[in-house]
Amino acid sequence: MIVLRREIGDVLRDARQRQGRTLREVSSAARVSLGYLSEVERGQKEASSELLGSICEALDIPMSLVLREVSDRVAVAEGLLIPDTIPADFATAVLGRQIPDGSARREDLQPVG
């Protein structure tokens, strides 16, 4: 059975460890107790949206990226194929004009960050 809190915890722990940061550093920056953050990372506690936002901010990663990674992990656990690209016809319809390599782009969109 897929437990969402475990997947969220795994993604948060992976992000923290990739940054080489300790639980203490992140818990302090997120203004959450070290013990509670540890329980969230181990999938023992459900993180509210506010808490998840604070942890993501402390890790300097967008919440959407965390949720995307969680979604991908759940899809894999469900046995679904996760496309690594957007189909060209969909991208053209949603994003705008087609460019020579088959991808699409919108002129009015700017990179974030």
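Residues numbered from 1 in each chain as written. Predicted model: local features only at pLDDT ≥ 70, side-chain atom pairs only at ≥ 80, totals over all residues. Heavy atoms only, no water.

An unreviewed UniProt entry lists the protein under the name Helix-turn-helix transcriptional regulator, with Cellulosimicrobium composti as the source organism.

1. Considering the pattern of salt bridges
Taken as a whole, this structure holds 6 salt bridges when the rule is applied. As a salt-bridge pair, E46 and R5 come within 3.6 Å of each other at their nearest N and O atoms. Of this pair, E46 sits in the loop between α3 (34–41) and α4 (49–59) while R5 sits in helix α1 (residues 4–18); the two residues are 41 residues apart in sequence, bridging distant segments of the chain. With a shortest N-O distance of 3.0 Å, E69 and R73 are connected by a salt bridge. Separated by 4 residues within a single helix, E69 and R73 lie in helix α5 (residues 63–77), roughly one turn from each other. Given a relative accessible area of 34%, E69 falls into the partly exposed group. (Salt bridge = Lys/Arg side-chain N within 4 Å of Asp/Glu carboxyl O. Helix = DSSP H or I, 4+ residues; strand = E, 2+ residues; numbered from the N terminus. Buried < 20%, exposed > 50% of the residue type's maximum accessible area, 1.4 Å probe, protein only.)

2. Topic: the nonpolar core
For soluble globular proteins, nonpolar side chains are generally found buried alongside one another. Counting residues in each nonpolar core, the largest one holds 18 residues, and the members touching the most others are L12, L52, I55, L59, V66 and V70. Of all elements in the fold, only α1, α2 (23–30), α3, α4 and α5 reach the threshold of two or more residues within this core. By residue number, the principal contributor to this core is α4, which donates 6 residues. The contact partners of L12, leaving out residues within four places of it in the chain, are V40, E41, L52, I55, L59 and V66. (Core = buried A, V, L, I, M, F, W, Y, C linked by side-chain atoms within 4.5 Å. Contact = heavy atoms within 4.5 Å.)

3. Section: unusual backbone geometry
Of note, R31 is a non-glycine position whose phi angle comes to about 60°, a positive value. Position of R31 among the secondary structure elements: in the loop between α2 and α3. Classification of R31 by relative accessible area gives exposed; the value is 79%. In this structure, D60 takes a positive phi of about 55° despite not being glycine. Note that D60 resides in the loop between α4 and α5. D60 sits in the exposed class, given a relative accessible area of 70%.

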